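The primary structure of each chain is shown beneath.
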Amino acid sequence: MRTFIIALMFVAALTLLAASAVHASLLGAIDPFPGAAPPEALLGLVLAIAAVAAFLSWARAWAFGVVATLLALVGTIYGLTVTVPRGEPGDVVYHVSLLAGLIVTAGLLTRQRGLVD
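Here the structure is a predicted model, which means the values were calculated and not measured.

Criteria and thresholds
- Residues numbered from 1 in each chain as written.
- Predicted model: local features only at pLDDT ≥ 70, side-chain atom pairs only at ≥ 80, totals over all residues.
- Heavy atoms only, no water.
- Helix = DSSP H or I, 4+ residues; strand = E, 2+ residues; numbered from the N terminus.
- Rg over C-alpha atoms; globule rule 2.2 N^0.38 Å.
- Buried < 20%, exposed > 50% of the residue type's maximum accessible area, 1.4 Å probe, protein only.
- Contact = heavy atoms within 4.5 Å.
- Areas by Shrake-Rupley, 256 points an atom, 1.4 Å probe, with all protein chains shown as cover.
- Lys, Arg positive; Asp, Glu negative; His and termini not counted.
- Charge placed at Lys NZ, Arg CZ, Asp CG, Glu CD.
- 1 Å grid on protein atoms, 1.4 Å probe; cavity = no way out; pocket = protein on both sides within 12 Å on 5 of 7 lines; lining within 4 Å.
- Points joined across faces, edges and corners; volume = space filled by probe spheres on them.
- Nonpolar A, V, L, I, M, F, W, Y, C, P; charged D, E, K, R; others polar.
- Core = buried A, V, L, I, M, F, W, Y, C linked by side-chain atoms within 4.5 Å.
- Axes fitted to C-alpha atoms, helices over the stretch in contact; angles between N-to-C directions.
- Parallel < 35°, antiparallel > 145°, perpendicular 65-115°, else oblique.
- Left-handed = near helix turned anticlockwise from the far one by under 90°.

## Quick word on the overall build of the protein
Okay, step 1: From N to C terminus, the protein includes four helices and zero strands.
Okay, step 2: For 117 residues, the compact-globule formula gives about 13 Å, and the C-alpha radius of gyration of the protein, at 14 Å, lands near that figure.
Okay, step 3: Split into buried and exposed, the 117 residues of the protein put 39% on the buried side.
Okay, step 4: Of all intrachain contacts in the protein linking residues separated by at least 6 positions in sequence, the fraction that spans at least 24 positions is 65%.
Okay, step 5: Total accessible area on the protein stands at roughly 6300 Å², and carbon and sulfur atoms take up 75% of it.
Okay, step 6: Charge-centre separation for the protein: the mean point of 5 positive side chains lies 20 Å from the mean point of 5 negative side chains.

This is the structure we're talking about:
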């Protein structure tokens with residue numbers, strides 16, 4: 001279960017970093033939205049660090065993982081409030097999928113307290 005939780009956090013981090021690159025037009029003019037790039041990069045970085053902390057069993061990794069996941073949840077919910085009015089189906093599907101994954105991750109972290117410490 002520990003490996004699964006860490007994998008979920010890492011996948012969410014990677015998708016956030018990829019979305020940031022797309023919105024910053026680092027991969028071409030796929031979906032330029034420069035305002036979304038910095039928060040997605042920050043959330044991706046924080047989740048990636050939390051996943052590494054859990055993988056390496058750092059002290060307080062569980063608490064850091066919970067906080068990072070909840071922060072990403074809040075950011076994703078905010079992202080939905082921006083993407084739904086824009087009407088871009090790919091963005092909406094991405095945010096809903098990310099939200100579902102983060103909810104599962106938060107639930108598993110809550111149920112498995114201390115598992116990643």
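## Regarding the side chain of Thr105
Okay, step 1: Position of Thr105 relative to the elements: it lies in helix α4 (residues 89–111).
Okay, step 2: With relative accessibility at 1%, the residue Thr105 sits in the buried group.

## A closer look at the layout of surface pockets
Okay, step 1: Considered as a void within the structure, the largest pocket measures approximately 240 Å³ in volume.
Okay, step 2: In terms of lining residues, the largest pocket is bounded by 19 residues, among which Ala36, Glu40, Gly75, Gly79 and His95 are the most central.
Okay, step 3: At the level of secondary structure, the elements contributing two or more residues to the lining of the largest pocket comprise α1 (2–23), α2 (37–55), α3 (61–86) and α4.
Okay, step 4: Counting residues per element, the lining of the largest pocket draws most heavily on α3, at eight residues.
Okay, step 5: When the residues that make up the lining of the largest pocket are grouped by side-chain class, the tally is nine nonpolar, seven polar and three charged.

## Here we look at the nonpolar core
Okay, step 1: Counting residues in hydrophobic clusters, the biggest one holds 28 residues, and the most contacted among them are Met9, Leu16, Leu47, Leu98, Leu102 and Leu109.
Okay, step 2: Put simply, the parts of the chain that give this core at least two residues each are α1, α2, α3 and α4.
Okay, step 3: Those residues within four positions of Met9 in sequence are excluded, and the remaining contacts are Leu47, Ala50, Ala51, Gly65, Thr69, Thr105 and Leu109.

## Structural notes on the environment of Leu56
Okay, step 1: As for its placement among the helices and strands, Leu56 is situated in the loop between α2 and α3.
Okay, step 2: Look at Leu56 and you get partly exposed, because its relative accessible area is 47%.
Okay, step 3: Sequence spacing of Leu56 and Pro38 is 18 residues, and the spatial spacing of their C-alpha atoms is 27 Å.

## Topic: the packing of α1 against α2
Okay, step 1: Two elements in contact, α1 and α2, have axes separated by 8 Å at closest approach and are oriented at 155 degrees. Accordingly, the angle class assigned to the pair α1 and α2 is roughly antiparallel. By crossing handedness, the relation of α1 to α2 is classed as left-handed. From α1, Arg2, Ile6, Met9, Phe10, Ala12, Ala13, Leu16, Leu17, Ala19, Ser20 and His23 reach across to α2, where they touch Ala37, Glu40, Ala41, Leu43, Gly44, Leu45, Leu47, Ala48, Ala50, Ala51, Ala54 and Phe55.
Okay, step 2: Looking at the contact of α1 with α2 residue by residue, the classes come out as 18 nonpolar, three polar and two charged.

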